[in-house]
Amino acid sequence: MLKLWNWYQNCLAVHPLKTQVISSGFLWGVGDIAAQYITHATAKSRLQLSVTDADEKFKVNWKRVAVTSSFGFGFVGPVGHFWYEGLDRFIRLKLQLPPKSARFVATKVAMDSIIFGPLDLFVFFTYMGFSTGKNVAQVKEDLKRDFLPALVLEGGIWPIVQVANFRYVPVRYQLLYVNIFCLLDSAFLSWVEQQKDAAWKQWFTSFHSLEERGGKGGL
C-alpha cells in the first residue's frame, strides 16, 4: 500500500493533470459497476420483474462503464484539477482569507456547493442522456426528473465531506480525496439515472409543480 501511495505521489508530482484525469476515469468506471450491481439487486422490487428475470445472473454492461468512465476522464479529472487549484488561489489571494480558518473553509464549501456541485450534476445527466442516443427534448425531460432529486440528496452529504477536505487535506490531494468519494458518488448518480420515474423522484416533481402553481396563483 505504501509503495502504491509513493507511486501515486510521484505521478502527481511529474504529471499532475494526467494523473488526476486517469484516476478520475478509473474511479467513475468502478463506481458505475457498483451502480449496475445495486440496480440489478433491486430490480425485482423496483420494476416488478418476474422471479426468473430478477434472479438472472449479474452481467456488467461494459459499454455503460466506458460511457461513465469517460465522464470521469473528460470532465471530473480535468475540470476538478483546475477547480480546486483555482478555488484555493482565489480565496487566498483575492479574498485574502487566512488558510484553514473557519471563514476560509466555509467560503470554499459554499462556492463548491453553489458552483461546481450543480454544474457537475448538470453535465453528468446531460452527457449520459446524449451518450445513449437521446435527443434534446428527451435530455431536458431527464434533467427535470433527475437533477433536483440528486441535487437535494447530494446537498446534504457533500458539504460535510468538503469541510474535512478543505480543512485538513493539502490542495494537491483534494481531488484525490474527492475522487475516492466519487467512487460512491458515481454509483449513486448512475443509480439515480437508472431509476427512471421511480415514486421517490415523482415526489420532488410534484412538490416543484405545487410550488409553481402556488407562485402563479399569488400573482
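About the thresholds
Residues numbered from 1 in each chain as written. Predicted model: local features only at pLDDT ≥ 70, side-chain atom pairs only at ≥ 80, totals over all residues. Heavy atoms only, no water. pLDDT = per-residue confidence, 0-100. Helix = DSSP H or I, 4+ residues; strand = E, 2+ residues; numbered from the N terminus. Phe/Tyr/Trp six-rings, centres within 6.5 Å; stacked < 30°, edge-to-face > 60°. Buried < 20%, exposed > 50% of the residue type's maximum accessible area, 1.4 Å probe, protein only.

A. Expanded view of the confidence of the model for the protein chain. In the predicted model, the protein chain carries a mean pLDDT of 82, and the fraction of residues at 70 or more is 78%. Looking at the elements of the protein chain, mean pLDDT is at its lowest for helix α4 (residues 51–54), recorded as 49, and at its highest for helix α6 (residues 102–131), recorded as 94.

B. Looking closely at the packing of aromatic side chains. Within this structure, the stated rule accounts for 15 aromatic pairs. Relative to F75, the ring of F71 has its centre 5.4 Å away and its plane inclined at 20 degrees; by these criteria the two rings are stacked. Here F71 pairs with F75, and both are found in helix α5 (residues 62–94), just four residues apart, close to one helical turn. The exposure class assigned to F75 is buried, which follows from its relative accessible area of 12%. What links up through ring pairs into an aromatic cluster is the set W28, F71, F75, W83, Y84, F116, F124, F125, Y127 and F166.

C. Structural view of the environment of Y37. Structurally, the position occupied by Y37 is in helix α2 (residues 16–41). The partly exposed category is assigned to Y37, whose relative accessible area is 48%. Along the chain, Y37 and K59 lie 22 residues apart, while their C-alpha atoms are 8.4 Å from each other.

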